[in-house]
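The chain contents come next:
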Amino acid sequence: MRKGLVVQKYGGSSVANVERIQKVAQRVISYSKKGFELVIVVSALGDTTDELVELADKINPNPPEREMDMLLSTGEQISVSLLAMAIHKLGAQAISFTGYQVGIITDASHTRARIIKINTDKIKEELKKGNIVIVAGFQGVTLNQDITTLGRGGSDLTAVALAKELKADSCEIYTDVEGIYTTDPRIEPKAKKIKRITYDEMLEMASLGAQVMQARSIEVAKKFDVPLHVRSSFSKNTGTMIVKEVKKMEDVVVSGITLNKNEAKITLCSVPDKPGAAAKLFKELAQAGLCVDMIVQNVSHTRQTDISFTTTKSDSAKASRVTKKVAKKIGAGDVLIDQDIARVSIVGVGMKSHHGVAAKMFGILADNHINIEMISTSDISISCIIKKKNAEIAVKQLHEEFGLSK
């Protein structure tokens, strides 16, 4: 008797070598023997994606994004086929598919495509045959048959989207840690595992640098109320449940501390203080497909202004080129890039109902002689741009002073 449908996603570290692929195969089969129908989403092996990016950079430091998608999508094709082979060797039925084969249709925004629809007919047909269905994460195809990828961490999005479309009973995200922690345990050994966390808090943490899950996947999970269980592929312990609400969530002011070292700050200097200058800059950045995060504008006594904004390091060269073009058009000055920065953030739903949280954060940084370059806030988070050399001490001190080590 079938117990229900489970979607499982295994990250690159979970399938980094032959031994780990075999371990995943054993875990998958153990679920199948209990009577579950299974759809397995797999990332590329280990550091394959990074290695492919490095290879491309040696050929062409500024490659066409369409060709990058063609290249990067090959990583997942290797891992799904190897996992299917491992499952077959253990005596179970499995079949592997690319995103294209299972009908994951996306828009044409290469390297960061968005899913338009999924045709689940092929998956359902194979499940009826008794197969474990293995799907390549991170990838899709446009209506014009061009291969696309869903951005870094896109396998999470594949899993959540499939869980929603297939009306799965559960969606499990397997990684190399045992769940969501109050901060990165590699930086702060006193970090504690969080048993349950809200979509809002997890979305904020993912957006601000926590690398356990892709932010876009949390958005989809929240929108369609897909409960997620983040757990380790190396143990059978319960992980972290990501859900709509958590009891007593307002009792905890700060739930977690995040750190993102993958950011760059771009400053457009000496911008004429005239209406429309900022609009011109950010319109052209948007048209180039670039996402901008923090923005700070300072008007001096000379009636000129500097505009600073942050973007990902990978987008910084392209953003700089666009900003320099705009600078010439509007008669602005130099364009500066600073990649020696980091973003440290505190996150917690309880911040909505507690005052003085920002003052406490700024005080902790000041006490440790850490200068703040930019600040941004939301209802449940406060972020500061600081020098990268101060990043880890900032995380440790904030984690301690906000009582997350207890």
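Everything here concerns the structure above.
Here's what I pulled together on the structure shown here. (Residues numbered from 1 in each chain as written. Predicted model: local features only at pLDDT ≥ 70, side-chain atom pairs only at ≥ 80, totals over all residues. Heavy atoms only, no water.)

### Re the overall build of the protein
The cut-off we apply is this: We count a stretch as a helix when DSSP gives it H or I for four or more residues in a row; a strand needs E for two or more, and each element gets its number in order from the N terminus. We compute the radius of gyration from the C-alpha atoms alone; for a globule the expected value is 2.2 Å times N to the 0.38, where N is the number of residues. By definition, residues are in contact when any of their heavy atoms lie within 4.5 Å. Here the open area of atoms and residues is found with the Shrake-Rupley method and a 1.4 Å probe, where only the protein chains shown may cover a residue. Neither His nor the chain ends is counted toward charge; the positive residues are Lys and Arg and the negative residues Asp and Glu. Just so you know, the charge point we use is NZ for Lys, CZ for Arg, CG for Asp and CD for Glu.
Across its full length, the protein holds 12 helices and 22 strands. By the compact-globule yardstick of 22 Å for 406 residues, the protein fits well, its C-alpha radius of gyration being 23 Å. Across its three principal axes, the protein shows a C-alpha extent of roughly 75 × 50 × 35 Å. Considering only residue pairs separated by 6 or more positions, the protein has 75% of its internal contacts joining residues 24 or more positions apart. Surface exposure of the protein reaches about 19,600 Å², of which carbon and sulfur atoms provide 50%. Across the protein, the 56 positively charged side chains and the 47 negatively charged ones have centroids separated by 3 Å.

### Regarding the packing of helix H2 (residues 48-59) against helix H3 (residues 65-72)
Just so we agree on the cut-off: Helix axes are fitted to C-alpha atoms over the stretch in contact, other axes to C-alpha atoms as well, and angles between N-to-C directions run from 0 to 180 degrees. Every angle not falling under 35 degrees, over 145, or within 65 to 115 is termed oblique; those three ranges are roughly parallel, roughly antiparallel and roughly perpendicular. Here a crossing is taken to be left-handed if its near helix is turned anticlockwise relative to the far helix by less than a right angle, and right-handed if that turn runs clockwise.
Contact geometry of H2 with H3 gives a least axis separation of 10 Å together with a crossing angle of 140°. By the angle between their directions, the pair H2 and H3 is classed as oblique. H3 is crossed by H2, and the crossing has right-handed handedness. Taken together, the residues of H3 that come into contact with H2 (itself represented by Thr49, Leu52, Val53 and Ala56) are Met68, Leu71 and Leu72.

### Some remarks on the packing of aromatic side chains
Note the threshold: The aromatic pairing rule takes the rings of Phe, Tyr and Trp, using the six-membered ring of Trp, and pairs them if the centres are within 6.5 Å, calling planes under 30 degrees apart stacked, those over 60 edge-to-face and the rest tilted. We call a residue buried when its accessible area falls under 20% of the maximum for its residue type, exposed when it is over 50%, and partly exposed in between, using a 1.4 Å probe and counting protein chains only. Only when the NZ of Lys or the CZ of Arg is both within 6 Å of the ring centre and within 35 degrees of the ring normal is a charge said to sit over the ring.
Enumeration according to the criterion identifies 3 aromatic pairs in this entry. Their ring planes at 10° and their centres at 4.6 Å tell us that Tyr10 and Tyr174 sit as a pair that is stacked. Of this pair, Tyr10 sits in strand S1 (residues 4-10) while Tyr174 is found in strand S9 (residues 170-175), placing the two residues 164 residues apart along the sequence. What makes Tyr10 buried here is its relative accessible area of 0%. The positively charged end of Lys164 is found above the aromatic ring belonging to Phe224, 4.4 Å away from the centroid. Seen from the ring of Phe402, Lys360 lies directly overhead, with NZ or CZ sitting 4.7 Å from the centre.

### So, the pattern of salt bridges
Put simply, the rule is: Whenever a carboxyl oxygen of Asp or Glu lies within 4 Å of a side-chain nitrogen of Lys or Arg, that contact is scored as a salt bridge.
Within this structure, the stated rule accounts for 22 salt bridges. In this structure, Glu125 and Lys129 form a salt bridge, with 3.9 Å as the shortest nitrogen-oxygen distance. Residue Lys129 is classed as partly exposed on the basis of its relative accessible area of 48%. Connected via shared salt-bridge partners are Lys265, Asp338, Glu373 and Lys387.

### A few points about the pairing of strand S13 (residues 228-232)
Applicable threshold: In this analysis, strands are considered paired if DSSP registers two or more bridges between them.
With 5 of its 5 residues buried, S13 lies for the most part within the structure. Residues Leu228, Val230 and Ser232 of S13 are buried on one face, and the alternating residues His229 and Arg231, pointing to the opposite face, are buried as well. Bridging between S9 and S13 involves 5 bridges; their strand directions are parallel. By the bridge assignment for S13, Tyr174 is matched with Arg231. One ladder, built from 3 bridges, connects S13 with strand S14 (residues 240-243); its direction is antiparallel. Directly across from His229, in S14, lies its bridge partner Met241.

### Notes on the environment of Met202
Looking at the element boundaries, Met202 is found in helix H7 (residues 199-207). Taking the relative accessible area as the measure of exposure, Met202 reaches 0% and is therefore buried. For the pair Met202 and Gly256, spaced 54 residues apart in sequence, the C-alpha separation works out to 9.3 Å. In contact with Met202, other than residues within four places in its own chain, are Ile180, Ile197, Ile218 and Ile242.

### Quick notes on a nonpolar patch on the surface
So the rule is basically this: For patches, a residue must show more than 30% relative accessible area and have no salt bridge; joins then use 9 Å for like charges and 5 Å for nonpolar side chains, namely Val, Leu, Ile, Met, Phe, Trp and Tyr.
On the surface, Ile78, Leu82 and Met85 cluster together into a nonpolar patch covering about 260 Å² of accessible area. Note on placement: Leu82 falls in helix H4 (residues 74-89). You can call Leu82 partly exposed: its relative accessible area is 31%.

### Looking at the sheet that holds S1
What links the strands of a sheet is backbone hydrogen bonding, and the strands pair in either a parallel or an antiparallel sense. One open sheet accounts for 8 strands, arranged S3-S6-S2-S1-S9-S13-S14-S12; its pairing is mixed. Each edge of the open sheet carries a strand with a single partner, namely strand S3 (94-97) and strand S12 (196-198). Sheet twist, expressed as the average angle between the axes of neighbouring strands with direction ignored, equals 20°. Pairing of strand S2 (residues 36-42) with strand S6 (residues 132-136) involves 4 bridges; the strand directions are parallel. Its bridge partner lying in S6, Ile40 is registered against Ile134. The sheet strands contacting H7 are S12 and S14, and the helix crosses S12 at an angle near 80°.

### Examining the nonpolar core
To keep it simple, the criterion reads: Here, nonpolar core refers to any group of buried Ala, Val, Leu, Ile, Met, Phe, Trp, Tyr and Cys residues whose side-chain atoms link them within 4.5 Å.
Core analysis: the largest hydrophobic core is formed by 39 residues, its most contacted members being Val39, Ile123, Leu228 and Ile242. Ile242 has contacts with Ile197, Thr198, Tyr199, Met202, Met213, Ile218, Pro227, Leu228 and Val230, leaving out every residue within four places of it along the chain. With 24 residues, the next largest nonpolar core counts Leu45, Ala86, Ile87 and Ile134 among its residues.

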